[in-house]
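Residue strings, one per chain:
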Amino acid sequence: AQSVTQLGSHVSVSEGALVLLRCNYSSSVPPYLFWYVQYPNQGLQLLLKYTSAATLVKGINGFEAEFKKSETSFHLTKPSAHMSDAAEYFCAVSKGSWGKLQFGAGTQVVVTP
Amino acid sequence: EAGVAQSPRYKIIEKRQSVAFWCNPISGHATLYWYQQILGQGPKLLIQFQNNGVVDDSQLPKDRFSAERLKGVDSTLKIQPAKLEDSAVYLCASSLGGPAPDYGYTFGSGTRLTVV
């Protein structure tokens with residue numbers, strides 16, 4: 001069985017500050033890992049993905065995430081928050097079983113001026 | 001490239017009524033997924049099609065939910081009868097398919113269902 005835990009349902013950051021969203025997974029084998037962003041009334045947009053190549057993954061909009069097998073973590077970071085980063089972020093895991101994704105509960109990011 | 005199309009965008013129905021959602025995947029995508037996203041939760045897979053065959057429907061409440069994918073293209077998800085707890089956003093996604101889950105995986109904008 002596999003599951004995804006996102007620590008913190010809401011995160012508030014100041015514009016220009018570091019964004020750090022935490023994701024831990026439980027899996028008996030190295031999984032595929034994803035971060036998605038969801039803006040209000042929109043579908044999910046892929047930010048980045050880990051598929052067993054490089055452990056440090058760079059994505060769109062300045063986001064990156066690091067896969068740490070020893071910590072079973074895949075935390076998402078962005079050095080400097082922008083107002084447009086306000087959205088909900090989901091971590092997801094798949095063991096490659098024909099695309100079935102299991103999502104965490106999500107983290108709502110608020111960016112303050 | 002056109003994205004995954006879903007309709008309607010919003011639907012309000014009374015409990016015990018029936019409702020249907022439609023999804024048109026990206027052209028050429030063999031795999032189609034329906035997810036249910038309840039407010040405050042992450043999306044949960046309801047059913048997965050490979051072409052017009054069902055790959056996984058283990059989390060589909062089959063007493064009230066049904067889905068079909070005719071000719072391996074468009075798909076329809078139906079709820080009959082609806083319950084209050086079915087209020088959610090229903091997301092459709094499609095991909096090129098295959099053992100790796102990142103082949104062009106694309107989500108539609110979803111249908112927001114409110115059951116009153």
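Residues numbered from 1 in each chain as written. Chains lettered and ligands numbered in written order. Predicted model: local features only at pLDDT ≥ 70, side-chain atom pairs only at ≥ 80, totals over all residues. Heavy atoms only, no water.

A. The pairing of strand E5 (residues 44–50) of chain B, seen in detail. Residue and element names in this part refer to chain B. With five of seven residues buried, E5 lies mostly within the body of the structure. Relative to E5, strand E4 (residues 31–37) runs antiparallel, the two sharing six bridges. For Leu32, the partnering residue across the bridge sits in E5 and is Phe49. Linkage of E4 to E5, two consecutive antiparallel strands, is achieved through a turn of six residues, within which Gly40 is found at a positive phi near 85 degrees. (Buried < 20%, exposed > 50% of the residue type's maximum accessible area, 1.4 Å probe, protein only. Helix = DSSP H or I, 4+ residues; strand = E, 2+ residues; numbered from the N terminus. Pairing = 2+ DSSP bridges.)

B. Geometry of the side chain of Thr31 of chain B. Among the secondary structure elements, Thr31 of chain B is positioned in strand E4. Separated by 2.5 Å, the side chains of Thr31 of chain B and Gln50 of chain B make a polar contact. (Polar contact = N/O pair within 3.5 Å; in protein donor to acceptor, adjacent residues only side chain to side chain.)

C. Geometry of the sheet that holds strand E1 (residues 5–7) of chain B. Residue and element names in this part refer to chain B. Reading across the sheet, the four strands line up as E1-E3-E8-E7 and stay open at both edges, with antiparallel pairing between neighbours. Two strands lie at the open edges of the sheet, namely E1 and strand E7 (65–68), each paired on one side alone. Across this sheet, the average inter-strand angle for adjacent strands is 15 degrees, counted without regard to direction. Examined bridge by bridge, E7 and strand E8 (residues 75–79) share four bridges and lie antiparallel to one another. Bridge pairing in E8 places Glu68 opposite Thr76. (Axes fitted to C-alpha atoms, helices over the stretch in contact; angles between N-to-C directions.)

D. Layout of the interface of chain A and chain B. Taken together, the contact pairs 21 residues of chain A with 26 residues of chain B. Asp56 of chain B is paired through a salt bridge with Lys100 of chain A; the nearest N and O atoms lie 2.8 Å apart. At the boundary of chain A and chain B, one finds five residue pairs in polar contact (both at pLDDT 80 or more). Residue contributions to the side of chain A that touches chain B peak at four residues, all from strand E4 (residues 32–38) of chain A. The residue makeup of the side of chain A that touches chain B, split by class, is nine nonpolar, ten polar and two charged. (Contact = heavy atoms within 4.5 Å. Salt bridge = Lys/Arg side-chain N within 4 Å of Asp/Glu carboxyl O. Nonpolar A, V, L, I, M, F, W, Y, C, P; charged D, E, K, R; others polar.)

E. A look at the nonpolar core. Residue and element names in this part refer to chain A. Within the largest apolar cluster, 27 residues are counted, with the highest numbers of intra-cluster contacts made by Leu21, Trp35, Leu47, Leu48, Phe74, Leu76 and Tyr89. If you list the elements that add at least two residues to this core, you get strand E2 (10–14), strand E3 (19–26), E4, strand E5 (44–50), strand E7 (64–68), strand E8 (73–78), strand E9 (87–94) and strand E11 (107–112). The residues contacting Leu48, other than those within four sequence positions of it, are Leu33, Phe34, Trp35, Val57, Lys58, Gly59, Phe63, Glu64, Ala65, Phe74 and Leu76. (Core = buried A, V, L, I, M, F, W, Y, C linked by side-chain atoms within 4.5 Å.)

F. Examining the environment of Tyr39 of chain A more closely. Considering the arrangement of structural elements, one finds Tyr39 of chain A in the loop between E4 and E5. C-alpha of Tyr39 of chain A to C-alpha of Asp85 of chain A: the two residues are 46 residues apart in sequence and 9.1 Å apart in space.

G. Seen up close, the packing of aromatic side chains. Within the structure shown, the criterion is met by 16 aromatic pairs over all chains. Ring plane angle 45 degrees and centroid distance 5.5 Å describe the contact between Phe63 of chain A and Tyr89 of chain A, whose orientation is recorded as tilted. Taken as a pair, Phe63 of chain A in the loop between strand E6 (56–58) and E7 and Tyr89 of chain A in strand E9 lie far apart in primary sequence, 26 residues in all. In terms of burial, Phe63 of chain A and Tyr89 of chain A fall into one category: buried. Between Tyr33 of chain B and Tyr35 of chain B, the ring centres sit 6.3 Å apart and the planes meet at 35 degrees, which makes this aromatic pair tilted. (Phe/Tyr/Trp six-rings, centres within 6.5 Å; stacked < 30°, edge-to-face > 60°.)

H. Inspection of unusual backbone geometry at higher detail. Looking along the chain, the bond that leaves Ser7 of chain B and enters Pro8 of chain B is cis, with omega of -10 degrees. Relative to the assigned elements, Pro8 of chain B resides in the loop between E1 and strand E2 (10–13). Omega for the peptide link from Gln80 of chain B to Pro81 of chain B comes to -5 degrees, which places this bond in the cis form. Locating Pro81 of chain B in the fold gives a position in the loop between E8 and strand E9 (88–95). Even without being glycine, Asn41 of chain A reaches a positive phi, approximately 60 degrees. Along the chain, Asn41 of chain A turns up in the loop between E4 and E5. Despite not being glycine, Lys71 of chain B has its phi angle at roughly 60 degrees, a positive value.

I. Inspection of the sheet that holds strand E1 (residues 3–7) of chain A at higher detail. Residues and elements named next belong to chain A. The antiparallel open sheet is built from five strands, whose spatial order is E1-E3-E8-E7-E6. Edge positions in the open sheet fall to E1 and E6, since each of these has one partner strand only. Averaged over all pairs of adjacent strands, the angle between their axes in this sheet comes to 20 degrees, without regard to strand direction. Inspection of the sheet shows E7 paired to E8 by five bridges, in the antiparallel sense.

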